[in-house]
Amino acid sequence: MIKNKFYITTSIIYTNGPPHIGHALEEIQADAIARFHRLKGDDVFFLTGSDEHGIKNFRAAKEADKTPQAFVNINTGYIKEILKLFKVSNTDYIRTTDKERHWPTAQDIWTKLVKSGDIYKKEYEGKYCTGCEAFVKDSDLFQGKCKLHNKEPEILHEENYFFKLSKYQNQLIKLIESDEYKIIPTSKKNEILNFIKTGLEDVSFSRSKEKLSWGIPVPGDETHTMYVWCDALTNYLSGIGYTTDKEKFNKYWPADVHLVGKDIIRFHAVFWPAMLLSVGLPLPKQLLVHGFLSSRGKKMSKSTGNVIDPLTQIQKYGPEAVRYYLLAGITSDDDADYSNAELISKTNSDLANGLGNLVNRVLTLTEKNFDGKVPPKYDGEIKEKFKDVPTKVENLINEFKLHHAVEEIMKFVYELNKYVNDKEPWKIKDKDELGKIMYELLEGIRLSSILLHPFVPDTCDRIREQLGLTEAPVWKDLEWGKLEGKIIKGEVLFKKIEV
Ligand code: MSP
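A short tour of the structure in this document, coming up. (Residues numbered from 1 in each chain as written. Predicted model: local features only at pLDDT ≥ 70, side-chain atom pairs only at ≥ 80, totals over all residues. Heavy atoms only, no water.)

**A short note on the overall build of the protein chain**
- Counting secondary structure elements, the protein chain contains 18 helices and 19 strands.
- By the compact-globule yardstick of 23 Å for 499 residues, the protein chain fits well, its C-alpha radius of gyration being 25 Å.
- If one aligns the C-alpha atoms of the protein chain with their principal axes, the spans along those axes are about 90 × 50 × 40 Å.
- A buried classification covers 57% of the 499 residues belonging to the protein chain.
- Just so you have it, the protein chain exposes about 22000 Å², and 49% of that area is on carbon and sulfur atoms.
- Put simply, the protein chain has 72 plus and 73 minus side-chain charges, and the middle of one group is 1 Å from the middle of the other. (Helix = DSSP H or I, 4+ residues; strand = E, 2+ residues; numbered from the N terminus. Rg over C-alpha atoms; globule rule 2.2 N^0.38 Å. Buried < 20%, exposed > 50% of the residue type's maximum accessible area, 1.4 Å probe, protein only. Areas by Shrake-Rupley, 256 points an atom, 1.4 Å probe, with all protein chains shown as cover. Lys, Arg positive; Asp, Glu negative; His and termini not counted. Charge placed at Lys NZ, Arg CZ, Asp CG, Glu CD.)

Printed below as a string of structure tokens:
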């Protein structure tokens, strides 16, 4: 059978500091989507990485009294550590300082932009926000400060290379309006369309090397460094072997999904597709835009002292509880406040009381009454309740409503728990009757362990082990009546977090 390819990317994280919980959110969302597609049998390539050039990284290194390379190495190390602890299943990790894989791609794209006649030199003065790594307009400012970073931009006056972004305005409008390049949610699609319709200006695509040497040299002009966004966006090509593995590249490009935060839509919905149009490469299919996490109601920042460190969260609550909260307790495509109290309440209600308790009760009863043997297959009311769940979950994941997808699965888990309470199997003496109930419950747990797998993979693996299942979960096993054999009751899945 020929597998569908599915290429998903996250944005690449700046290495000017260790990653925070907002970065983890994006990685975990992408991981859930990638894992879902693997379950479906797709040939998935999941790319993530780090954005290591530009003023932001350069200055942070200087402040830390380190060379830029040594400094970005440290922060890349932290990102990779977080990915590992959260069991993020990325296929590859691309770094923009990778001179073998990344630089030749960025330089090749630049050369092609030149060939298309879309690069020209111009003397320019503008306001540059280092936080955005972009020139900003007055409409991006509030009381003279960048609305996103609350910092005054710097005035830059240079002769730079420019990219003819304005040339692509009408084409971009058509592609986005028609959903040929689909932006989800619709509110963000409309927002960016309005922005494009106000008129696109050409953008500066280089810095003089004198002012910024930390980056990729412009091909044919060593006195200029490539603009960090022009360099960074090409990671989506270099990461799948644009210059190093043509076969792999041809197999996976165009991307099926770019997942990004709301602050960088412009770069992904305007700059990037315009660059691809200019060099003649197919456009990505979808841009999924997630919201921003705040902490104690405020934007996370070092000066406010409210940055949430993923490592501390993992140490306190365990990686699966944090994953679960980020996917089930946070609206995928909207802003939210990260709250430890909510994380605790969600873990306790859904994972400890809901799922954990269910598995514990049902497996204990099966051990006690059937010596651990799975009773014969039975089609009853749980089968009926399950019938529409997979399609609903699939649709919600495809619409980037991950929190609703989990909710749908947890409603089924709730039904299973309710069934235990209603039937009171511990009071039933008739083995046949009890067997039917236990079969339905065990089978319901097996099916939940497939559906929940993209969200809490480790927990689901532990459940599957207890059900005596040795094979990796697959979507086509979401068919009623497949469980047989013997269960092996294990440790309690989740202990309640005491406040
Ligand atoms: N390096 C650029 C992306 C280049 S992609 C070619 C960048 N890096 S970042 O480190 O600032 O952000 C990485 C991702 O994390 C972005 O999608 C961004 O929107 C997201 N987030 C940054 N802060 C966030 C929150 N507070 N909450 C949720 N996501 C956040 O932008």
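**Considerations on the packing of helix α6 (residues 186–197) against helix α10 (residues 265–279)**
- Running from amino to carboxyl end, α6 crosses α10 at an angle of 55 degrees, the nearest separation of the two axes being 11 Å. When the axis of α6 is compared with that of α10, the two are oblique. As for how α6 packs across α10, the hand of that crossing is right-handed. Between α6 and α10, the contacting residues are K188, I192, F195 and I196 on the first element and I265, R266, A269 and V270 on the second. (Axes fitted to C-alpha atoms, helices over the stretch in contact; angles between N-to-C directions. Parallel < 35°, antiparallel > 145°, perpendicular 65-115°, else oblique. Left-handed = near helix turned anticlockwise from the far one by under 90°. Contact = heavy atoms within 4.5 Å.)

**What about the sheet that holds strand β13 (residues 217–218)?**
- Ordered in space as β12-β14-β13, the 3 strands form an open sheet in which the pairing is antiparallel. Each edge of the sheet is formed by a strand with only one pairing partner; in this case those strands are β12 (206–208) and β13.
- In this structure, β13 lies alongside strand β14 (residues 221–226), joined through 2 bridges in antiparallel fashion. In the sheet register, P217 faces β14, and the bridge partner there is T225. (Pairing = 2+ DSSP bridges.)

**As for the site of the ligand**
- I12, E26, D51, D263 and L293 are the nearest of the 24 residues found near the ligand.
- Between the ligand and D263 there is a distance of 2.5 Å, counted from an oxygen atom to a side-chain nitrogen or oxygen.
- Note that a nitrogen atom of the ligand is positioned 2.8 Å from one of the backbone N or O atoms of L293.
- About the coverage of the ligand: the protein hides 95% of its 660 Å² of free accessible area.
- Looking at the shell around the ligand, the elements with two or more residues in it are β2 (13–14), α1 (21–39), α7 (228–233), α8 (235–238) and β15 (257–261). (Near = heavy atom within 4 Å. Polar contact = N/O pair within 3.5 Å; in protein donor to acceptor, adjacent residues only side chain to side chain.)

**Some remarks on the nonpolar core**
- Core analysis: the largest hydrophobic core is formed by 94 residues, its most contacted members being I21, L293, L326, Y338, V362 and F455.
- In terms of residue count, the dominant contributor to this core is helix α13 (residues 340–370) (11 residues).
- With 74 residues, the next largest nonpolar core counts V136, Y227, C230 and V260 among its residues. (Core = buried A, V, L, I, M, F, W, Y, C linked by side-chain atoms within 4.5 Å.)

**A short note on the packing of helix α5 (residues 169–177) against α10**
- Contact geometry of α5 with α10 gives a least axis separation of 10 Å together with a crossing angle of 110 degrees. The pairing of α5 with α10 is recorded here as roughly perpendicular in orientation. Across the interface between the two elements, Q171, L172, L175 and I176 from α5 touch A269, V270, P273, A274 and L277 from α10.
- Across the contact of α5 with α10, the residue classes tally to 8 nonpolar, 1 polar and no charged. (Nonpolar A, V, L, I, M, F, W, Y, C, P; charged D, E, K, R; others polar.)

**Some details on the pairing of strand β16 (residues 286–290)**
- Extensive coverage of β16 is indicated by the burial of 5 of its 5 residues.
- Here β16 shows no split at all, with Q286, L288 and H290 on one side and L287 and V289 on the other all buried.
- Pairing of β15 with β16, which is carried by 5 bridges, proceeds in the parallel orientation. Within β16, the residue paired with V260 across the bridge is V289.
- What joins β15 to β16 is α10, and the crossover it makes is right-handed. (Right-handed = clockwise from strand over helix to strand, strands pointing away.)

**Points about the environment of D309**
- On the secondary structure map, D309 appears in the loop between β18 (298–299) and α11 (310–317).
- Residue D309 is classed as partly exposed on the basis of its relative accessible area, which comes to 34%.
- Sequence-wise, D309 and I21 are 288 residues apart; in three dimensions their C-alpha atoms are separated by 5.9 Å.
- A distance of 3.0 Å separates the side chain of D309 from the backbone nitrogen of L311, its partner in a polar contact.

**Here we look at the environment of G239**
- Within the secondary structure layout, G239 lies in the loop between α8 and α9 (246–252).
- You can call G239 buried: its relative accessible area is 0%.
- Separated by 194 residues in sequence, G239 and F45 place their C-alpha atoms 9.9 Å apart.
- The residues touching G239, leaving out its near neighbours within four places in the chain, are F45, L47, D92, I94 and R101.

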